[in-house]
Structure formats: structure tokens, C-alpha cells
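Residue strings, one per chain:
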Amino acid sequence: MKKVLLVSLFLTVFLSFCSNIIDDNPDSHSSASLAQFRAGEIKEYQGKLLSPAVGPRDNSIQGVQVIDINTYTLRVTGLVNNDLVLTYPQILELTTYKRLITLYCVEGWDATILWEGISLVELIERANPRSEAVTVIFHAADGYTTSLPWSLIKEKQLILAYKANEIVLPPEMGYPLIVVAEDKLGYKWARWVTKIELSDNKDYKGYWESRGYTNEADINR
Ligand SMILES: Nc1nc2c(c(=O)[nH]1)N[C@H]1C(S)=C(S)[C@@H](COP(=O)(O)O)O[C@H]1N2
Ligand SMILES: [Mo]
């Protein structure tokens, strides 16, 4: 009798161990909550196949950040005449824009996603930037920073996205906000953005830029 108990105990432990391995998603994100998150995610847009909003990639400097939206604010500050602090609901009230844009990482992968969010130009202009402001520095919740020329943001009419493939941005993709830095390498796509700083330093270097990656970050296609 003891033997039977031992064997069944062993089997139970062994089987749950196996199912843990099977459950384990190759992309390292736990499956149950993610499936719920992704309900409603579109797979195709205007005849083009989309990449999943959460892919098999995570090279964030401090791992995925989980933001408490109730205390979250986005600041626009630095060389501006009108410092702005916006809550998430206030951000959602602004005019929305949709763009189908591909993110290219220096590691070689890319992701084509339908982004939806607000205009960076409209947002920054609300803060009334001073004429000396030439660089826009993005600060993120994980301490990451990167920057783009203010002139480039205007020229390309860049957006700050809160949705990907029609679903609320998953934490992995930068919830609540990611910079959709069209035509620039992935390291310019700041996620979990908390502060936008206008600066007169045209040579400002962010996290990866100060570690040898070019400040232009142009895609080589
Ligand atoms: N806050 C923050 N934003 C970030 C990063 C980061 O580490 N922290 N990594 C960048 C890089 S290198 C890329 S390629 C894109 C997508 O990163 P992912 O591969 O981790 O999804 O996010 C960018 N934005
Ligand atoms: Mo990257």
C-alpha cells in the first residue's frame, strides 16, 4: 500500500513538472494572462500581415515594467514655457492617429504593427517649447533614455502610441506609451515613457547612444 502511495505521489509531482514545461511559452511570457490581453488583437490590416504585439523578444535594460496607471503621469518639461503633466485619461482624450509601421531592432528582428496614439507634435506644442529647444529627450520608467531631434518629430509627424494591433499596449510593448520612431532603429522607440524633456543639447546621448550606437539610428535597408 505504501508503495502505491509513493508511486502515485511521484507521478503527480512528475506530471505537474512536465505540464509546467509544456505551459512555458517559448517567448517566456506566461500564457494565461497574455491570451486574455490579446483577445481582440487583429492579425491583418489592409491586406498586410501584422506581427504579434508581444513577440519573442525582450532586451529591455531592466526587464518589463509594470506601470500603475492610477498614479501614472506623463510630463512635458525642460525648455518649455508651459510645463505639462497629463494623466492617462487626459492622454486618451487627445486626437488619435493610426499608423502601420515596422520596428527594426539592431539585433536583426523586426515587427510590423498597427500603432494608435497621439501626435507628439500636438502634445509638445501644448507645452509651448522655447525656440532654443532642438532635442526631445524621452525618459522612461526603467531609467532608459533616448532622444530625437525636435525638427525630425515635426517632419515625420511622429506619434506616441497607447495601442498596438487594436489592443491596449501590453506591458511588454511599453504600456502606457511607446514612441513610434518611424524609420529609426528600435532603441529610439522609448517604452514606458514618463517624461518628455525639451533640451538645447543637440549632442545629447541616451542609454544605447552613449554605449556606441549612433545617434541617427537610421535603418539600413
Ligand atoms: N524604456 C525602455 N525602452 C526601450 C528599451 C528599453 O530597454 N527600455 N529598449 C529599446 C529597444 S533596444 C528596442 S529594440 C525596443 C523594443 O524592445 P524589445 O525587444 O524589448 O521589445 O524598445 C526600445 N525601447
Ligand atoms: Mo533594440
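These remarks concern the structure in this document.

Criteria and cut-off values
Residues numbered from 1 in each chain as written. Chains lettered and ligands numbered in written order. Predicted model: local features only at pLDDT ≥ 70, side-chain atom pairs only at ≥ 80, totals over all residues. Heavy atoms only, no water. Near = heavy atom within 4 Å. Areas by Shrake-Rupley, 256 points an atom, 1.4 Å probe, with all protein chains shown as cover. Nonpolar A, V, L, I, M, F, W, Y, C, P; charged D, E, K, R; others polar. Phe/Tyr/Trp six-rings, centres within 6.5 Å; stacked < 30°, edge-to-face > 60°. Helix = DSSP H or I, 4+ residues; strand = E, 2+ residues; numbered from the N terminus. Buried < 20%, exposed > 50% of the residue type's maximum accessible area, 1.4 Å probe, protein only. Lys NZ or Arg CZ within 6 Å of the ring centre and 35° of its normal. Pairing = 2+ DSSP bridges. Salt bridge = Lys/Arg side-chain N within 4 Å of Asp/Glu carboxyl O.

## Brief notes about the site of ligand 1
Consideration 1: Within the structure, ligand 1 sits among 17 residues, and Ile61, Trp109, Asp142, Trp189 and Arg191 are positioned closest to it.
Consideration 2: Here ligand 1 has 520 Å² of accessible area as a free molecule, and 98% of this is covered by the chains.
Consideration 3: Across the shell around ligand 1, the residue classes break down as 10 nonpolar, 3 polar and 4 charged.

## Focus on the packing of aromatic side chains
Consideration 1: Enumeration according to the criterion identifies 6 aromatic pairs in this entry.
Consideration 2: Ring geometry for Tyr88 against Tyr175: centres 5.7 Å apart, planes inclined by 70°, an arrangement best described as edge-to-face. Placement of Tyr88 in helix α3 (residues 88–92) and of Tyr175 in the loop between β10 (167–168) and β11 (178–180) is noted, with a sequence separation of 87 residues between them. With respect to class, Tyr88 is no different from Tyr175; both count as buried.
Consideration 3: Linked through ring pairs, Tyr144, Tyr187, Tyr207, Trp208 and Tyr213 together constitute an aromatic cluster.
Consideration 4: For Arg211, the ring lying beneath its charged end belongs to Tyr207, and the centroid distance is 3.6 Å.

## A look at the pairing of strand β6 (residues 110–119)
Consideration 1: Of all 10 residues in β6, 9 are buried, a share of seventy percent or more.
Consideration 2: Direction of pairing for strand β5 (residues 96–104) relative to β6: antiparallel, over a ladder of 9 bridges. Bridging from a neighbouring strand, Ile101 pairs with Ile113 of β6.
Consideration 3: Hairpin geometry of β5 and β6 is characterised by an intervening segment of 5 residues between the two adjacent antiparallel strands and by a positive phi of about 110° at Gly108.
Consideration 4: Sheet analysis places β6 next to strand β9 (residues 159–164), joined by 5 bridges and oriented antiparallel.

## So, the pattern of salt bridges
Consideration 1: In this structure the tally under the stated criterion is 6 salt bridges.
Consideration 2: In this structure, the salt-bridge partner of Asp83 is Arg75, at a minimum N-O distance of 3.2 Å.
Consideration 3: You can call Asp83 partly exposed: its relative accessible area is 40%.
Consideration 4: Look at Arg75 and you get partly exposed, because its relative accessible area is 35%.
Consideration 5: With a shortest N-O distance of 2.8 Å, Glu209 and Lys188 are connected by a salt bridge. Residue Glu209 is located in the segment after β12 (193–199), and its partner Lys188 is located in the loop between β11 and β12; the two are separated by 21 residues in the primary sequence.
Consideration 6: A relative accessible area of 2% places Glu209 in the buried class.

Fair warning: the whole summary comes from geometry, so function is off the table for now.
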